[in-house]
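Each chain, written out:
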Amino acid sequence: MTNPITARFDLDYGSFRLNVDLHLPGTGITVLFGPSGSGKTTLLRCIAGLQKAQQGLLAINGEVWQDSERGLFIPTHKRALGYVFQEANLFPHLTVKGNLQFGLKRIGNSRNHDLAHILALLGIEHLLDRTPDRLSGGERQRIAIARALALNPKILLMDEPLASLDFKRKQEILPFLNDLHQELNIPVIYVTHSQQEVAQLADHLVIMEAGKVLATGPLSETLSRLDTPLAQDREASTVWQAKIIGHDDQFHLTNMGFDGGIISLPTLVGKVGMPLRLQIHARDVSITLQAPTATSILNVLPASVTGIVDDDSGQTVVGLRVGGQPLLAHITQKSARLLNLQIGMSVYVQIKGTSILN
Amino acid sequence: MLNSADIATLWLTFKVASISTTIMLLLGTPLAWWLARTASRWKGICNAVVALPLVLPPTVLGFYLLVLLGPHGPIGKITTELGLGTLPFTFPGLVVASVFYSIPFVVQPLQASFTAIGEQPLEAAATLRAGPLDTFLNVVVPLAKPGFMTGAILGFAHTVGEFGVVLMVGGNIPDRTRVVSVQIYNHVEALEYAEAHWLAGGLLVFSFTVLLILYTTLKTHPVAHQLK
């Protein structure tokens with residue numbers, strides 16, 4: 001069972017139509033990405049049963065929640081899911097504790113042994129007796145996440161949980177989401193229009209537009225597909241999974257190993273063997289035909305060209321592969337002509353900068 | 001001071017108002033919930049019908065109730081068939097009339113409260129395993145508490161203060177349909193101003209106290225709130 005989640009929906013509003021047929025992995029974070037109006041929230045609401053698609057087939061790890069051909073539709077309150085809304089949506093008449101216990105009481109398990117762990121993970125133990133009106137936006141959202149997780153759901157659905165928060169509050173929650181990532185063994189479906197959240201959280205990426213799926217697949221593969229608007233964007237990037245393999249004390253560098261070579265970064269705090277996510281922006285990647293002998297750029301790696309697309313503003317998006325890892329480069333169309341880039345060519349990429357995402 | 005006939009009217013008024021308010025809450029809650037949530041084309045008509053007693057002269061309402069409930073009216077025929085007799089000039093008739101007359105004062109604050117709650121808490125409850133009835137009792141009712149309080153208090157106070165409908169449907173029968181407002185009328189007709197003062201003054205103080213409690217504890221404008 002490589003694709004334990006099947007989500008097929010056809011929902012027609014006249015002016016808008018959601019029409020998707022998705023197979024998603026049963027673990028990790030799947031991000032639904034797209035501009036507003038692309039249908040990503042509608043898709044999430046269909047998975048939750050908050051909206052009912054006329055035609056639909058939904059199965060989560062073997063449990064069928066909707067099958068319109070058999071006339072089957074399990075109502076939301078009978079689905080073992082956790083849902084985090086864009087606004088935390090806590091019950092204003094209950095304390096934090098009351099909010100956390102609301103669902104627990106209904107699954108007949110008012111003492112969840114994991115609850116203490118979840119509270120600690122989200123750093124909200126000290127807020128239990130407060131009412132929601134006396135919490136910050138970030139605190140409210142953390143409690144909403146805890147409230148959803150407390151039920152030991154089979155799937156966690158998150159609808160732009162950071163969108164209503166300012167930058168500071170986002171930074172307050174992202175580390176918690178990253179930790180959840182390591183701890184949870186249930187699938188998470190996460191809706192966002194932020195590329196930063198995609199790079200930071202996604203394992204699997206679904207790009208949506210106008211109610212349809214443009215691309216779906218593992219994060220690095222999907223980010224580097226040239227046929228999506230994401231690859232053309234000024235902020236386009238690829239994300240590599242890498243591991244610390246050693247520290248170079250003399251030059252204050254950390255060496256990271258990835259599927260395709262070694263890359264050096266300014267010293268990081270971390271033990272050898274620690275896994276990290278590296279984000280490489282396409283604008284920070286340049287291409288040479290020969291291995292440069294004199295360059296200030298530290299990370300020069302052999303690569304092969306896998307795709308070339310010109311946009312209409314003088315930019316060329318080049319798809320590359322470094323060992324097993326896909327990579328995107330944004331170069332000018334003039335450079336692309338001068339280098340006479342062709343698919344299949346062996347080149348060298350110079351990586352000017354990378355950022356660490358966790 | 002109050003004589004025993006006055007005290008009997010006070011007790012009867014209290015009984016009518018309590019029973020009517022209970023019935024109005026029982027009928028008004030599902031009606032207000034439906035009005036707050038439906039997209040049906042009947043919604044406008046229902047809203048207008050519920051609000052009618054606010055603008056109609058009580059005599060008009062009383063007259064039609066008399067016709068409907070009387071021995072030749074459609075409802076009167078049914079109650080006669082069922083062996084209940086006819087309702088006009090009886091205590092149950094008075095309660096029925098009061099319910100019709102005061103129901104907008106219960107339904108409108110409830111409807112406004114339900115509308116203000118919105119979809120979000122209901123969806124949150126559904127994702128936390130609460131079924132529709134569970135959600136209504138444990139999320140909607142607590143959140144709509146100000147609406148329930150306003151509706152109950154205004155419904156009760158308005159029933160206490162009714163006169164025209166009572167006179168038309170209930171008449172003026174001691175211990176059965178003679179309520180405070182009718183008794184005041186009787187006193188004034190008989191030029192018993194001192195007795196009228198005791199009851200009228202008492203009603204004035206009662207109404208003022210009720211409204212004062214509403215405005216100070218709920219911190220909203222109940223009448224403006226329900227007319228919007």
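Residues numbered from 1 in each chain as written. Chains lettered and ligands numbered in written order. Predicted model: local features only at pLDDT ≥ 70, side-chain atom pairs only at ≥ 80, totals over all residues.

1. Considering the overall build of chain B
Within chain B, the regular secondary structure consists of twelve helices and zero strands. If you list the helices and strands of chain B from N to C, you get α-α-α-α-α-α-α-α-α-α-α-α. Referenced to the eigenvectors of the C-alpha coordinate spread, the extents of chain B come out at roughly 65 × 45 × 25 Å. For chain B, buried positions account for 36% of its 228 residues. Sequence separation of at least 24 residues holds for 74% of the intrachain contacts in chain B that already meet a minimum separation of 6. (Helix = DSSP H or I, 4+ residues; strand = E, 2+ residues; numbered from the N terminus. Buried ≥ 20, exposed ≤ 12 C-beta atoms within 10 Å, placed from the backbone. Contact = placed C-beta atoms within 7 Å.)

2. Some details on the confidence of the model for chain B
All names here are of chain B. For chain B, mean pLDDT is 90; residues scoring 70 or higher make up 95% of the total. The spread of mean pLDDT over the elements of chain B runs between helix 12 (residues 222–227), the lowest at 42, and helix 6 (residues 120–127), the highest at 96. Confidence metrics for the complex model read pTM 0.86 and ipTM 0.85. (pLDDT = per-residue confidence, 0-100.)

3. Some details on the interface of chain B and chain A
At the interface, 13 residues of chain B touch 14 residues of chain A. Contributions of two or more residues to the side of chain B that touches chain A are made by helix 6 and helix 7 (132–143) of chain B. Looking at which element gives the most residues to the side of chain B that touches chain A, the answer is helix 6 of chain B, with six residues. Among the residues forming the side of chain B that touches chain A, the class breakdown is eight nonpolar, three polar and two charged. (Nonpolar A, V, L, I, M, F, W, Y, C, P; charged D, E, K, R; others polar.)

4. Topic: the sheet that holds strand 6 (residues 72–73) of chain A
Residues and elements named next belong to chain A. Ordered in space as 2-1-4-5-6, the five strands form an open sheet in which the pairing is antiparallel. Every other strand in the sheet has two partners, leaving strand 2 (17–24) and strand 6 as the edge strands with one partner each. With four bridges joining them, strand 4 (residues 55–60) and strand 5 (residues 63–67) adopt antiparallel strand pairing. Across the sheet, residue leucine 58 finds its bridge partner in strand 5, namely glutamine 66. In the packing of helix 1 (residues 40–48) onto the sheet, contacts are made with strand 1 (5–12), strand 2 and strand 4, and the angle to strand 1 comes to roughly 115°. (Pairing = 2+ DSSP bridges. Axes fitted to C-alpha atoms, helices over the stretch in contact; angles between N-to-C directions.)

5. Some words on the domain arrangement of chain A
All names here are of chain A. Parsing chain A into structural domains produces domain 1 (5–225) and domain 2 (237–356). The straight-line distance from the C-alpha centre of domain 1 to that of domain 2 is 33 Å. In terms of residues, the side of domain 1 that touches domain 2 owes the most to one element, helix 7 (residues 219–223), which gives four residues. Across the side of domain 1 that touches domain 2, the residue classes tally to three nonpolar, two polar and one charged. (Domains from an automatic or database assignment.)

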